[in-house]
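# Descriptive structure summary
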Amino acid sequence: MSPLRAFLARPEWTACFDAAVDGASRFEVDVESLGAKTVLRVRGDVDISNLASWRCVLAEASNATAPDGVLVVDVDAAGFLGLCTFTALAVLSEVCRRRDIALRLVSAKPSIARIVALCQWQNELPVFPTVSAAVDE
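Just so we're clear, the structure is a prediction, and the values are computed from it rather than from any experiment. (Residues numbered from 1 in each chain as written. Predicted model: local features only at pLDDT ≥ 70, side-chain atom pairs only at ≥ 80, totals over all residues. Heavy atoms only, no water.)

## Topic: the overall build of the protein
Scanning the protein for helices and strands turns up five helices and six strands. Reading the secondary structure of the protein in the N-to-C direction produces α-β-β-α-β-β-α-β-α-β-α. Within the protein, buried positions represent 44% of all 137 residues. The long-range share in the protein, meaning contacts at least 24 apart out of those at least 6 apart in sequence, stands at 67%. For the protein, the computed accessible surface area is about 6,900 Å², with 56% contributed by carbon and sulfur atoms. (Helix = DSSP H or I, 4+ residues; strand = E, 2+ residues; numbered from the N terminus. Buried < 20%, exposed > 50% of the residue type's maximum accessible area, 1.4 Å probe, protein only. Contact = heavy atoms within 4.5 Å. Areas by Shrake-Rupley, 256 points an atom, 1.4 Å probe, with all protein chains shown as cover.)

Encoded structure:
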């Protein structure tokens, strides 16, 4: 069983994921559940060519996070992240906010924090240098 499928509890999430990911998504994720906290680790490239897969994975991860919980998206090991990656995260932040889920982004790369700041998404996408810092906040 893939790490992603390990946290999928509802059949419609699996169908969404299967429909979105076609083997050429160019990114991989691992998901870890820590009680009310979910950590989504991303490797590879996310851009317009695999945006549907990215949105689906984000939706499934947020659905797997308990209300009043924390969703941590770790992009530190990711390669290229197109602006659409961050736009999808900013949209997700509103969905999470309505469910009282804190969305936190992790990257030690200065370029990630710069993109978030340039787009004025600091409130929607707070950036933490490590997963531990994001989880313990």
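Read on, since the account is not over.
## Some thoughts on the environment of Leu103
Secondary-structure assignment places Leu103 in strand β5 (residues 102-106). We classify Leu103 as buried; its relative accessible area is 7%. Each C-alpha atom, one on Leu103 and one on Val127, is 9.7 Å from the other, the two residues being 24 residues apart in sequence. Once you skip the residues sitting within four places of it in the chain, Leu103 turns out to touch Leu71, Val73, Leu89, Leu92, Ser93, Cys96, Glu124, Leu125 and Pro126.

## Quick look at the pairing of strand β3 (residues 70-74)
Along β3, five of the five residues are buried, which leaves the element largely enclosed by surrounding structure. The side-chain alternation of β3 yields two buried faces, one formed by Val70, Val72 and Asp74 and the other by Leu71 and Val73. What joins strand β2 (residues 37-46) to β3 is helix α2 (residues 51-63), and the crossover it makes is right-handed. Strand direction decides the pairing type here: β3 and β5, joined by five bridges, are parallel. Among the inter-strand pairings, Val73 is bridged to a residue of β5, identified as Leu105. (Right-handed = clockwise from strand over helix to strand, strands pointing away. Pairing = 2+ DSSP bridges.)

## Focus on α2
Relative to the 18 Å expected for 13 residues at 1.5 Å per residue, α2 spans 18 Å between its end C-alpha atoms, a close match to the ideal helical length. Taken together, the buried positions of α2 are Leu51, Ser53, Trp54, Cys56, Val57, Leu58, Glu60, Ala61 and Ser62. (Expected span 1.5 Å × (residues − 1).)

## Some remarks on the pattern of salt bridges
Oppositely charged side chains may form a pair once their charged atoms are brought near each other. Taken as a whole and judged by the stated rule, the model has six salt bridges. Arg41 is paired through a salt bridge with Glu32; the nearest N and O atoms lie 3.0 Å apart. The salt bridge involving Arg41 is made with Asp74; its shortest N-O contact spans 4.0 Å. Separated by 33 residues along the polypeptide, Arg41 in strand β2 and Asp74 in strand β3 bring together distant segments of the chain. On the basis of relative accessible area, Arg41 is assigned to the partly exposed category, the value being 28%. When salt bridges with common partners are traced through the structure, they connect Glu28, Asp30 and Arg43 into a single cluster. (Salt bridge = Lys/Arg side-chain N within 4 Å of Asp/Glu carboxyl O.)

## Notes on the packing of α2 against helix α3 (residues 83-98)
Contact pair α2 / α3: the axes reach a minimum separation of 10 Å and the direction vectors enclose 25°. Regarding the angle of α2 to α3, the classification is roughly parallel. Here α2 and α3 pass one another in a crossing that is right-handed. Here Leu51, Trp54, Arg55, Leu58 and Ser62 of α2 lie close against α3, whose contacting residues are Cys84, Thr85, Ala88, Leu89, Leu92 and Cys96. Split into classes, the residues belonging to the contact of α2 with α3 amount to eight nonpolar, two polar and one charged. (Axes fitted to C-alpha atoms, helices over the stretch in contact; angles between N-to-C directions. Parallel < 35°, antiparallel > 145°, perpendicular 65-115°, else oblique. Left-handed = near helix turned anticlockwise from the far one by under 90°. Nonpolar A, V, L, I, M, F, W, Y, C, P; charged D, E, K, R; others polar.)

Function-wise, these values are silent; they only describe arrangement.
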